[in-house]
Amino acid sequence: MATKAVNTDLALVLTRVLPAPRQLVYDAWTKKEHLEKWQGAPQGFTVTQAHSDIRPGGTFKLCMRSPDGVDHWLQGEYREVVPPERLVFTHSWLNAEGKPGKETLVTLTFTEVAGGTELTLKQTGFPSAQSRDGHREGWASTFERMAEYLSTH
């Protein structure tokens, strides 16, 4: 099933129904043994370094390497962790000096539906439509990569 995108102002909302149980979808997003296999990154990107402490107040920092070899660092802090229903975290890209840019807020909800799990991502706080639209492409690709991984489990 295709990923649907809805934009309101500078918010991004993506929804994808995945043919897998909610607990498995949540675990694929939060557990190292799953993340190592599907990378949690857009297609073509490789996570080269990752730290994640998934709990309220816990942080994450990771490096995604693009297909052309460019490293993209991002970090954030978990605001809400409600297994297997919801994750809320901040998201900011780091510049070449390691300083965070504009912070956005990401909310992931995992909802049981007939035939699987509806995964909804809402990201708010973009500085521009261009930034929002770039994230749409990245997240949609990430959802596709996750769907491919889940199809093997």
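What you are looking at is a predicted structure, and each value in this text was computed from that prediction instead of being measured.

Student: Describe the packing of aromatic side chains, with residues and values.
Tutor: A complete count under the given rule lists seven aromatic pairs for this structure. Taken together, a centroid distance of 5.2 Å and an interplanar angle of 75° make the contact between Tyr26 and Phe110 edge-to-face. Of this pair, Tyr26 sits in helix α1 (residues 22-30) while Phe110 sits in strand β7 (residues 104-113), and the two are 84 residues apart along the sequence. Given the relative accessible area of 4%, Tyr26 is considered buried. Ring plane angle 90° and centroid distance 6.4 Å describe the contact between Trp29 and Phe143, whose orientation is recorded as edge-to-face. Of the two residues, Trp29 is situated in helix α1 and Phe143 in helix α3 (residues 129-150); the sequence distance between them amounts to 114 residues. Side by side, Trp29 and Phe143 carry an identical accessibility label, which is buried. Taken together, Trp29, Trp38, Trp139 and Phe143 form an aromatic cluster joined through their ring pairs. Taking NZ or CZ as reference, Lys61 lies 5.5 Å from the ring centre of Trp73, over its face.

Student: I'd like a description of the nonpolar core, backed by residues and values.
Tutor: The biggest cluster of nonpolar side chains holds 32 residues, and the ones touching the most others in it are Trp29, Phe89, Leu108, Met146 and Leu150. Among the secondary structure elements, those contributing two or more residues to this core are β2 (11-18), α1, β4 (59-65), β5 (71-82), β6 (86-93), β7, β8 (116-124) and α3. Of all the elements, α3 adds the most residues to this core, at six residues. Look past the residues within four positions of Trp29 in its chain and what remains in contact with it is Leu35, Trp38, Leu87, Phe89, Leu108, Phe110, Leu119, Trp139, Thr142, Phe143 and Met146.

Student: Summarise α1; cite the residues concerned and give the values.
Tutor: With respect to burial, α1 is a largely interior element, eight of its nine residues being buried. Three or more residues of α1 are buried, namely Arg22, Leu24, Val25, Tyr26, Asp27, Ala28, Trp29 and Thr30.

Student: Please provide a residue-by-residue account of the environment of Glu103, values included.
Tutor: With respect to the helices and strands, the residue Glu103 is situated in the loop between β6 and β7. Sequence separation between Glu103 and Phe126 is 23 residues; the distance between their C-alpha atoms is 7.9 Å. Excluding its chain neighbours within four sequence positions, the residues that come into contact with Glu103 are Arg79, Thr90, His91, Ser92 and Gly125.

Student: Now, about unusual backbone geometry: what can you tell me, with residues and values included?
Tutor: With an omega of -15°, the peptide bond between Pro83 and Pro84 qualifies as cis. Structurally, Pro84 can be placed in the loop between β5 and β6. Not every positive phi belongs to a glycine, and Gln39 is a case in point at roughly 75°. Here Gln39 shows up in the loop between α2 (32-38) and β3 (46-52).

Student: Which residues make up the pairing of β6, and what are the values?
Tutor: Here β6 lies mainly inside the structure; six of its eight residues are buried. Connecting the antiparallel pair β5 and β6 is a turn made up of three residues. Strand direction decides the pairing type here: β6 and β7, joined by six bridges, are antiparallel. Residue pairing in the sheet places Phe89 in a bridge with Val106 of β7.

Parameters and conventions
- Residues numbered from 1 in each chain as written.
- Predicted model: local features only at pLDDT ≥ 70, side-chain atom pairs only at ≥ 80, totals over all residues.
- Heavy atoms only, no water.
- Phe/Tyr/Trp six-rings, centres within 6.5 Å; stacked < 30°, edge-to-face > 60°.
- Helix = DSSP H or I, 4+ residues; strand = E, 2+ residues; numbered from the N terminus.
- Buried < 20%, exposed > 50% of the residue type's maximum accessible area, 1.4 Å probe, protein only.
- Lys NZ or Arg CZ within 6 Å of the ring centre and 35° of its normal.
- Core = buried A, V, L, I, M, F, W, Y, C linked by side-chain atoms within 4.5 Å.
- Contact = heavy atoms within 4.5 Å.
- Pairing = 2+ DSSP bridges.

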